[in-house]
Amino acid sequence: MDSFRRFQDDDYKNWIKTTMGLNCLKTRLGGFLEHETETYHDHLRNKVNANKGDLCTTQCNLKKWMPRPKQVPQVCEVCEPWRDEIWANHSFKGGQVYWNNSKPYLWPTKKWEVAKVYMPRGNMDHTAVDQFDISAFLNLMTQCSYFAKFVKSKTLITQVTNVRNQVMHSADFRVEKRELESYLGRIKDLGQALKTHYPKFSELTEEIEQLQNTDFSFIMSCVGKKIVLAADKIPESMLKLQNFLSLEQQILKEKLECLSQRYEEDRETALTLEELQCVRVFLEGNNDLQKSLAPQWERLTEVQERVDTLTFRVDTLEMNTRTHAVCFSDPEFSTDILKYKNHLYEEARRQGWPEPVFSEIKEALGYRGRVQVRGQTFEGVQVCPKSKTAHQEVAKLALSQLAKDCASLSELANDTEEGEASSSQTDQPQSLSCTGPVFFGSVTVVLKTDITSGEGHSGMTEAVQSAYKKLALLLDLPESASSYKDVVLEHCHTRDVPPPEEAVQSDAEEKTYQCTLRFTGPITFYVPEGSSKKKQACQQAAKVALQRLSGVLGSKEVMGGNYVSTLKELLEAQTPQLDKPAYDVTDRGRGAGEVTERGEWRNVEG
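Every chain is numbered independently, its residues counted from 1 as its sequence is written. It should be noted that, the model being predicted, local features are given only for residues of pLDDT at least 70 and side-chain atom pairs only at 80 or more, the latter also being counted only at that level, while totals for whole chains, interfaces and linings use all residues. To obtain the side-chain values, all non-hydrogen atoms of the structure were used and water was disregarded.

## Considerations on the overall build of the protein
Part 1 of the argument: Within the protein one finds 20 helices and nine strands.
Part 2 of the argument: Each residue is assigned to one of three classes by its accessible area relative to the maximum for its type, calculated with a 1.4 Å probe on protein chains only: buried under 20%, partly exposed between the two thresholds, exposed over 50%. Out of the 606 residues belonging to the protein, those deemed buried represent 47%.
Part 3 of the argument: Residue contacts are defined here by distance: any two heavy atoms, one from each residue, within 4.5 Å place the two residues in contact. Once local pairs closer than 6 in sequence are excluded, the contacts in the protein between residues at least 24 apart make up 64%.
Part 4 of the argument: Here the protein has roughly 30400 Å² of accessible surface; of this, 48% comes from carbon and sulfur atoms. Runs of E in the DSSP output that reach at least two residues are strands. Runs of H or I that reach at least four are helices, and both are numbered from the N terminus. Accessible surface area values rest on a Shrake-Rupley calculation with a 1.4 Å probe, where residue burial reflects the displayed protein chains alone.

What follows is the structure, encoded as structure tokens:
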């Protein structure tokens, strides 16, 4: 039946297995964190001497607090010691801390109001453990220093966070077989690390392995059968199907809500029109989901339409407002100011370029805007009192410069059609058609990471191959008919990287074996596409490194398109802390040529 056609797609079944694996982990994390968050809350209560009975009488509320890096909100004298202790135990003081998730006046009495400060935005209304998703749990364990004692390396948590982001932020509901093995392996590794602190994690490995081997044949065998309403007459297979489909709908609802939140809160990371269409096609192809997921789909499309309507209104205003120069610090011209950023977004959409990425530079007197668009980075010439105004000023500059460099924006569209830009590669640097230098970047990262095969291998060779398989998947190496060890060693040889150090251990009776690989050495990542500025070339090199090393370093939200800063922070967060990455930028001029995988410049005959 068309209603269940998705279960004929192996990659969709792999996606479901991954999300259900995360759900198995979440269930156990919920029980673990219910207890440990209570313990942490008691610890804070003793630290601030809250037992003396002081309560907040002003009902401090941070609903309108705007998260700012390295800043804490103002609260009353009763809430202040709680704020200071929560802040002292926060491991991400250099970035945004979502204080407005919580209600300070409830800190002395409600443990989850404290815990929500360590979670990402969107958890403001949650008050009980079963209301939080796995992202909230993982962020709590990463950001709160109290939980550092339970997991020796944050990498285990960041790797699972990366799995969650990959499956929930994508639009195609698909996971390849190789990715499935890697993803479920990371989930099991975190469970193994926590089982000594919470016995129920001991069952996680077996449950996930059963899930991985499930072929979902019971679904197709039950399709079309009539379900009797009396509970005692429902066959066991039908009950199993009902429970499975209920869990599937719960997962899909969470995914659509996650996509809506991304669209509403940060347009620069939201779905493209093509990705939105991908979700629509999936739902239209599975009739049984359309009704159950209708509210979530309507919300997603409603948010997207609201953004498009705003863009249309701004374009209409642009046609009717003054055409003279705008003073960017004067609120009188707010309607004029609105148009430039939206017009740049719209122009990028029409031309098929990647969406512009805006950020700002904090200076003594305000903000200077920055935008990355079509492989180029533009910086504002004015310092503006607000970051939004700075974005508008640099958007105007970018529109003007793009038109000037290439005679007209229509000529840029022709370049796009000739293959210099692609809407299917939304975040890649583009080849430039205008005259000027072209810079090619690379970054070298020195890794120090241990890869463990896991326990229970019956032979030494099996344990070694298992460890090399994990390392090959983390380094994103292609599948090969050769052994995983051969693939990894060939990779190290061709890139002049020291081979991993092997350490094999066995139990007392030498019946089971475990292998640990210590992978240490420099890896250089090159970007074959050129950029118009050196800084952009470095950003693109850092982005490639983040993509290739996500399985080793974990993942982290990239703020304002600053991949260089994100890579640096992830390296510093490793245990032991890794060295800073080294960047190299080469100006190849405008001659015909290309950069090979190893970064060597090769001329190409016309």
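## Points about the packing of aromatic side chains
Part 1 of the argument: Each Phe, Tyr or Trp ring (for Trp, its six-membered ring) is paired with any other whose centre lies within 6.5 Å, and the angle between the two planes then decides the class: stacked below 30 degrees, edge-to-face above 60, tilted in between. Considering all chains together, one arrives at 18 aromatic pairs under this definition.
Part 2 of the argument: On the basis of an interplanar angle of 20° and a centroid distance of 5.9 Å, the ring pair of tyrosine 12 and tryptophan 15 is categorised as stacked. Taken together, the positions of tyrosine 12 and tryptophan 15, both in helix H1 (residues 10-47) and three residues apart, correspond to about one turn of that helix. Across the pair, tryptophan 15 and tyrosine 12 agree in class, each one buried.
Part 3 of the argument: Judged by centre distance (5.1 Å) and plane angle (35°), the ring pair of tryptophan 112 and phenylalanine 132 falls under tilted. Residue tryptophan 112 is located in helix H3 (residues 111-115), and its partner phenylalanine 132 is located in the loop between H3 and helix H4 (134-143); the two are separated by 20 residues in the primary sequence.

## Section: helix H6 (residues 177-194)
Part 1 of the argument: Between the first and last C-alpha of H6 there are 26 Å, a value that for 18 residues agrees with the 26 Å anticipated at 1.5 Å per step.
Part 2 of the argument: Buried within H6 are the following residues: Arg178, Leu180, Ser182, Tyr183, Leu184, Gly185, Arg186, Ile187, Lys188, Leu190, Gly191 and Leu194. Helix span is expected to be 1.5 Å times the residue number reduced by one.

## Points about the sheet that holds strand S1 (residues 357-363)
Part 1 of the argument: The rule for pairing is simple: two strands pair if DSSP sees at least two bridges between them. Pairing within the open sheet is antiparallel, and its three strands lie in the order S1-S2-S3. Each having just a single partner strand, S1 and strand S3 (376-379) make up the two edges of the open sheet. When strand polarity is set aside, the average angle formed by the axes of neighbouring strands in this sheet is 20°.
Part 2 of the argument: Taken together, the four bridges between strand S2 (residues 366-373) and S3 define a ladder with antiparallel strand orientation. Residue pairing in the sheet places valine 371 in a bridge with phenylalanine 378 of S3. All axes here are fitted lines through C-alpha atoms, helices being fitted over the stretch that makes contact, and every angle between N-to-C directions spans 0 to 180 degrees.

## Some thoughts on the nonpolar core
Part 1 of the argument: Buried Ala, Val, Leu, Ile, Met, Phe, Trp, Tyr and Cys residues that are joined via side-chain atoms within 4.5 Å together make up what is termed a nonpolar core. Leu29 and Phe32 are the most contacted members of the largest nonpolar core, which totals 83 residues.
Part 2 of the argument: For this core, the element with the highest residue contribution is H1, accounting for twelve residues.
Part 3 of the argument: Residues contacting leucine 29, with those up to four places away along its chain left out, are Ile134, Phe137, Leu138, Met141, Leu194 and Phe201.
Part 4 of the argument: Tyr468, Ala472, Leu477 and Tyr563 belong to the second-largest nonpolar core, a separate cluster that totals 35 residues.

## Here's the deal with unusual backbone geometry
Part 1 of the argument: The phi angle at glutamine 59 is positive, at roughly 50°, despite the residue not being glycine.
Part 2 of the argument: Examined against the element boundaries, glutamine 59 turns out to sit in the loop between H1 and helix H2 (80-88).
Part 3 of the argument: The phi dihedral of phenylalanine 173 falls on the positive side, at around 55°, and the residue is not glycine.
Part 4 of the argument: Mapped onto the elements, phenylalanine 173 comes out in the loop between helix H5 (154-169) and H6.
Part 5 of the argument: Judged by relative accessible area, phenylalanine 173 falls into the buried class, the value being 3%.

## As for the pattern of salt bridges
Part 1 of the argument: The term salt bridge refers to a pairing of a side-chain nitrogen on Lys or Arg with a carboxyl oxygen on Asp or Glu at a separation within 4 Å. One pass over the structure, following the stated rule, counts 21 salt bridges.
Part 2 of the argument: The partner of glutamate 34 in a salt bridge is lysine 111, with the nearest N and O atoms 2.4 Å apart. Within this pair, whereas glutamate 34 is found in helix H1, its partner lysine 111 is found in helix H3, the two being separated by 77 residues in sequence.
Part 3 of the argument: One salt bridge connects arginine 45 with aspartate 42, and the closest N-O pair in it is separated by 2.7 Å. Here arginine 45 and its partner aspartate 42 are both found in helix H1, three residues apart, which amounts to about one turn of the helix.

## Topic: the packing of H6 against helix H7 (residues 204-212)
Packed helices, taken two at a time, are described by the angle their axes make and the gap between the axes.
Part 1 of the argument: Packing of H6 against H7 brings their axes to within 9 Å, and their N-to-C directions diverge by 165°. Between H6 and H7, the crossing angle belongs to the class labelled roughly antiparallel. The way H6 lies across H7 gives a crossing that is right-handed. Each of Leu180, Glu181, Leu184, Ile187, Lys188, Gly191 and Gln192 in H6 lies in contact with H7, whose residues at this interface are Leu204, Thr205, Ile208, Glu209 and Gln212.
Part 2 of the argument: Here the contact of H6 with H7 is composed, by residue class, of five nonpolar, four polar and three charged. Any angle that falls under 35 degrees is termed roughly parallel, while one over 145 is termed roughly antiparallel, one within 65 to 115 roughly perpendicular, and all others oblique. Left-handed describes a crossing in which the near helix is turned anticlockwise from the far one by less than a right angle; the clockwise case is right-handed. Three categories are distinguished: nonpolar for Ala, Val, Leu, Ile, Met, Phe, Trp, Tyr, Cys and Pro, charged for Asp, Glu, Lys and Arg, and polar for the others, with Gly belonging to the last.

## Focus: the pairing of strand S6 (residues 513-526)
Every regular strand shows the same layout, with side chains that alternate between the two sheet faces.
Part 1 of the argument: Here S6 shows a buried face lined by Tyr513, Cys515, Leu517, Phe519, Gly521, Ile523 and Phe525 and an unburied face lined by Gln514, Thr516, Arg518, Thr520, Pro522, Thr524 and Tyr526.
Part 2 of the argument: Strand direction decides the pairing type here: strand S4 (residues 439-452) and S6, joined by eleven bridges, are antiparallel. Among the inter-strand pairings, leucine 447 is bridged to a residue of S6, identified as glycine 521.
Part 3 of the argument: Taken together, strand S5 (residues 501-506) and the strand that follows it, S6, pair antiparallel across an intervening segment of six residues, in which glutamate 510 is found at a positive phi of about 55°.

## Side note on the environment of leucine 473
Part 1 of the argument: In this fold, leucine 473 is placed in helix H16 (residues 460-474).
Part 2 of the argument: Taking C-alpha positions, leucine 473 is 8.7 Å from glutamate 181, a pair spaced 292 residues apart along the chain.
Part 3 of the argument: Those residues within four positions of leucine 473 in sequence are excluded, and the remaining contacts are Arg178 and Ser182.

## Let's talk about the environment of lysine 154
Part 1 of the argument: Positionally, lysine 154 belongs in helix H5.
Part 2 of the argument: When its relative accessible area of 31% is taken as the criterion, lysine 154 is described as partly exposed.
Part 3 of the argument: In the structure, lysine 154 is positioned 421 residues away from threonine 575 in sequence and 7.8 Å away in space, judged by C-alpha atoms.
Part 4 of the argument: Apart from residues no more than four positions distant in its own chain, lysine 154 is found in contact with Ser91 and Thr142.
Part 5 of the argument: In this structure the side chain of lysine 154 is engaged in a polar contact, spanning 3.5 Å, whose partner is the side chain of serine 91. Between N or O atoms, a polar contact is any pair within 3.5 Å; within protein, one atom must be a potential hydrogen donor and the other a potential acceptor, and residues adjacent in sequence are included only when both atoms are from side chains.

## Notes on H4
Part 1 of the argument: Burial runs high along H4: ten of the ten residues are buried.
Part 2 of the argument: All of the buried residues in H4 are Ile134, Ser135, Ala136, Phe137, Leu138, Asn139, Leu140, Met141, Thr142 and Gln143.
Part 3 of the argument: Of the surrounding secondary structure, the elements contacted by the buried residues of H4 are H1, H3, H5 and H6.

## Here's the deal with the packing of H1 against H6
Part 1 of the argument: The contact between H1 and H6 brings their axes to 9 Å, and the two run at 10°. Taken together, the axes of H1 and H6 are roughly parallel relative to one another. Along its contact with H1, which presents Asn14, Lys17, Thr18, Gly21, Leu22, Leu25, Leu29 and Phe32, the element H6 presents Lys177, Leu180, Tyr183, Leu184, Ile187, Leu190 and Leu194.
Part 2 of the argument: Class assignment of the residues belonging to the contact of H1 with H6 gives a composition of ten nonpolar, three polar and two charged.

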